[in-house]
There are 2 protein chains.
Amino acid sequence: MDTHVVIMAGGIGSRLWPVSTPSVPKQFIDILGVGRTLLQMTVERFIPVCKMENFWVVTSEKYVDMVHDQLPDIPEEHILAEPEARNTAPCIAYACWKISSVNPESNIVVTPADALVLNTSKFTEVMKRALSYTESHDSIVTVGIVPSRPETGYGYICASEISEENIVKVSSFKEKPDLPTAKYYIGEGCYFWNAGIFVWNACTISSQFRRFAPQIASVMDEMSVYFGTETEQEAVRKLFPSCEKISIDYAIMEKSDDIYVISADLGWSDLGSWGSVGSYMHKDSEGNAIVGRDVRMFGSKNCIVHDDSDEMVVIDGLDGYIVAHKGNRLLICRISEEQKIKDYSAK
Amino acid sequence: MDTHVVIMAGGIGSRLWPVSTPSVPKQFIDILGVGRTLLQMTVERFIPVCKMENFWVVTSEKYVDMVHDQLPDIPEEHILAEPEARNTAPCIAYACWKISSVNPESNIVVTPADALVLNTSKFTEVMKRALSYTESHDSIVTVGIVPSRPETGYGYICASEISEENIVKVSSFKEKPDLPTAKYYIGEGCYFWNAGIFVWNACTISSQFRRFAPQIASVMDEMSVYFGTETEQEAVRKLFPSCEKISIDYAIMEKSDDIYVISADLGWSDLGSWGSVGSYMHKDSEGNAIVGRDVRMFGSKNCIVHDDSDEMVVIDGLDGYIVAHKGNRLLICRISEEQKIKDYSAK
């Protein structure tokens, strides 16, 4: 089977405000200061398992040009524009129906655009095994990350047995837990962070949608009549917004009982907050993580500084703060208070 | 006698970096957020004692347009451009020679452009009395501010007797003292802050320069031949830089023994640091002094925020900090560490 990778790149990343904003969300930013955006790093991570012409990106209409600029090697017609955000289920269905229309015998990975994977060689191995499994099974394979801490910010996958790096059946998906529950999960050993990466073949996807999300499947069937025609985008604009607004987790994962998980310690993070971004950045001797053209720290430690404004920034006497600056937005906030940032960005 | 006011507006204001910079120093800024720049406030303060056509501003060539924009009612030819900064003695001599060339029977006040006076009605009264004195005496009258604290950042004037709001002889000028000395000054009662404001008639100035700074007087005599001619600016460019680089205090005040002081409690400040600027700004209920279009404070107190960049600024959890932002420069620094700012600006 031909492998295709679908990258979901329509998110907003409001917790990394003001560097990540609705006009340029975090997947399009070099948030770690490594010279590549998270979207570009996501593509690189899949190159060992997927030909460049088989990458697909689903994103908002307004980000299409940005995707094309950042990924010039991906076929332009593989950048799919959602006329409006309807959560992950319609997004995934759209890409998978497109791929089926090209080749119904495809093997497909769906991945977020904005996560980090440090252990890329193990990631390749895991992907290869998952893809090999879905080539011969009509099942969904999810990726479970071996948890390193009782994180309350992630959903969890409960596996039916403890068997690291083997593909085992999923017992259930768990929403973001409270701390005692997260600690219990860690103790059990069969709970993994849900990385939001799904592997399945085109036939499985289609049948799962038809069974558990028939409204979306029916919209896709209607849309697919126009695929490859001059009126495709017009049809998508008209039909896509009629899809039920629902996540893939609610629409399919929590309903289907034919889901498997392959678990591994991948050095994975969703980079969902400044604290998690900071923990993966290079630190100076005082523990400051700095991205910026000309940032000068004096008597400061354990800070995360991201200046995307090409400025001279002088910081004296801060301990444990985020200083984030981009465009005409400046944030100064304790890292320990970062859960408030989402609210600031909404104001 | 005709009263003229000379405003010295050539300073750099490096301690209010980065809002005050060499390209737009503090006298040209609405540093207090009151809708007028310090230069404009200085002119307003003298309007009760001086006709608009008798104001003069001495500044650097590069600030001439800025002065004209901020003070459109001052005759353009009264904005005198120093081709290079030679400290205050040549600056004052230049203006006073110009005024003498217009009317040798003039009475003159020289003032910095960047100080604050809260008690403006008493200031008017003090100026009127000083000018009335110099109309009939060939003496220099300085303004002494009744000190409210043992400030080590100002020079002091020691009066020969304690007689507030009367004009009394100056015993000596004192440089910025250390704290024990400043405390001693406060206890004595005859020591006043030197506001850098001098009142004298054109004849006195000229004779004092001829006696104590003959090199500068001789350059001015040479320059004055060209005053009012087409080649004036050319001559100034050529001759002015040959003046000795010296302050009026060293050149004349500390040498002359015919100097008087009129002391008063004027609510005066040189606004020489963020701390002093903050102390004169409006505070919110948490003690934050804020200038900016859209500054949002959360859990923060006793901060001075000056955003001149038309940005949205969110600050959470700062106590006692300066956040100053302008152009492509951002400073975050404890108010207690503000003495370091001068160094940052130099880097």
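Just so it is clear, the structure is predicted and the values come from calculations on it, not from any experiment.

Caption draft 1: Molecular detail of the overall build of chain A. Each helix and strand in chain A was counted, giving 11 helices and 17 strands. The C-alpha atoms of chain A give a radius of gyration of 21 Å, which matches the 20 Å a tight globule of 347 residues would have. Counting every position in chain A, which comprises 347 residues, the buried fraction comes to 56%. Separation of charge centres in chain A, based on 32 positive and 48 negative side chains, amounts to 5 Å.

Caption draft 2: Here's a closer look at the environment of B:Gly292. All names here are of chain B. Along the chain, Gly292 falls in the loop between β12 (289–291) and β13 (294–298). Taking relative accessible area as the criterion, Gly292 reaches 36% and is therefore assigned partly exposed. Here the alpha-carbon distance between Gly292 and Glu311, two residues 19 residues apart in the chain, equals 7.7 Å.

Caption draft 3: Structural detail: the relation of the copies chain B and chain A. You can overlay chain B on chain A at an RMSD of 0.1 Å; the transform is a turn of 180 degrees with a shift of 0.1 Å along its axis. A rotation of that kind, with that shift, is consistent with a two-fold axis. Comparing contact sets, 100% of the residues at the interface of chain B also lie at the interface in chain A, consistent with an isologous, same-surface contact.

Caption draft 4: How the structure looks around the interface of chain B and chain A. The partner chain A presents 26 residues to the 26 residues of chain B that form the contact. Carbon and sulfur atoms supply 53% of the area buried between chain B and chain A, which totals about 2400 Å² over both sides. Inspection of the region where chain B meets chain A yields 2 salt bridges. Residues A:Asp316 and B:Lys340 are paired through a salt bridge, measuring 2.9 Å at the closest nitrogen-oxygen approach. Where chain B touches chain A, the interface holds 20 residue pairs in polar contact (both at pLDDT 80 or more). Mapped by element, the contributors of at least two residues to the side of chain B that touches chain A are β13, β15 (312–316), β16 (321–326) and β17 (329–334) of chain B. In terms of residue class, the side of chain B that touches chain A is built from 14 nonpolar, 4 polar and 8 charged. Examined bridge by bridge, strand β15 (residues 312–316) of chain A and β17(B) share 5 bridges and lie parallel to one another. By the bridge assignment, A:Ile315 is partnered in β17(B) with B:Ile332.

Caption draft 5: Region of interest: a negative patch on the surface. Together, A:Asp65, A:Asp69, A:Glu76 and A:Glu77 line one region of the surface with negative charge. Inspection of the secondary structure assignment puts A:Asp69 in helix α2 (residues 64–70).

Caption draft 6: Representation of the pattern of salt bridges. Counted by the stated rule, this structure contains 26 salt bridges over all chains. Here A:Glu84 makes a salt bridge to A:Arg86, at a shortest N to O gap of 2.9 Å. On the basis of relative accessible area, A:Glu84 is assigned to the partly exposed category, the value being 35%. Judged by relative accessible area, which is 15%, A:Arg86 ranks as buried. We note a salt bridge from B:Asp2 to B:Lys51, for which the minimum N-O separation is 3.4 Å. Of this pair, B:Asp2 sits in strand β1 (residues 2–8) while B:Lys51 sits in the loop between α1 (38–46) and β2 (55–60); the two residues are 49 residues apart in sequence, bridging distant segments of the chain. Through salt bridges that share partners, A:Asp316, B:Glu337 and B:Lys340 make up one connected network.

Caption draft 7: Quick peek at the packing of aromatic side chains. Residues and elements named next belong to chain A. With the rule as written, the count across this model stands at 30 aromatic pairs over all chains. Ring geometry for Trp97 against Phe209: centres 5.9 Å apart, planes inclined by 85 degrees, an arrangement best described as edge-to-face. Here Trp97, found in helix α3 (residues 88–102), pairs with Phe209, found in helix α6 (residues 202–212); they are 112 residues apart in sequence, far enough to count as distant. The pair Trp97 / Phe209 is uniform in exposure class, with both members buried.

The rules behind the values
Residues numbered from 1 in each chain as written. Chains lettered and ligands numbered in written order. Predicted model: local features only at pLDDT ≥ 70, side-chain atom pairs only at ≥ 80, totals over all residues. Heavy atoms only, no water. Helix = DSSP H or I, 4+ residues; strand = E, 2+ residues; numbered from the N terminus. Rg over C-alpha atoms; globule rule 2.2 N^0.38 Å. Buried < 20%, exposed > 50% of the residue type's maximum accessible area, 1.4 Å probe, protein only. Lys, Arg positive; Asp, Glu negative; His and termini not counted. Charge placed at Lys NZ, Arg CZ, Asp CG, Glu CD. Least-squares fit on C-alpha atoms with pLDDT ≥ 70 in both. Contact = heavy atoms within 4.5 Å. Buried area = accessible area lost by both parts, 1.4 Å probe. Salt bridge = Lys/Arg side-chain N within 4 Å of Asp/Glu carboxyl O. Polar contact = N/O pair within 3.5 Å; in protein donor to acceptor, adjacent residues only side chain to side chain. Nonpolar A, V, L, I, M, F, W, Y, C, P; charged D, E, K, R; others polar. Pairing = 2+ DSSP bridges. Patch = residues over 30% accessible without salt bridge, like charges linked within 9 Å, V, L, I, M, F, W, Y side chains within 5 Å. Areas by Shrake-Rupley, 256 points an atom, 1.4 Å probe, with all protein chains shown as cover. Phe/Tyr/Trp six-rings, centres within 6.5 Å; stacked < 30°, edge-to-face > 60°.

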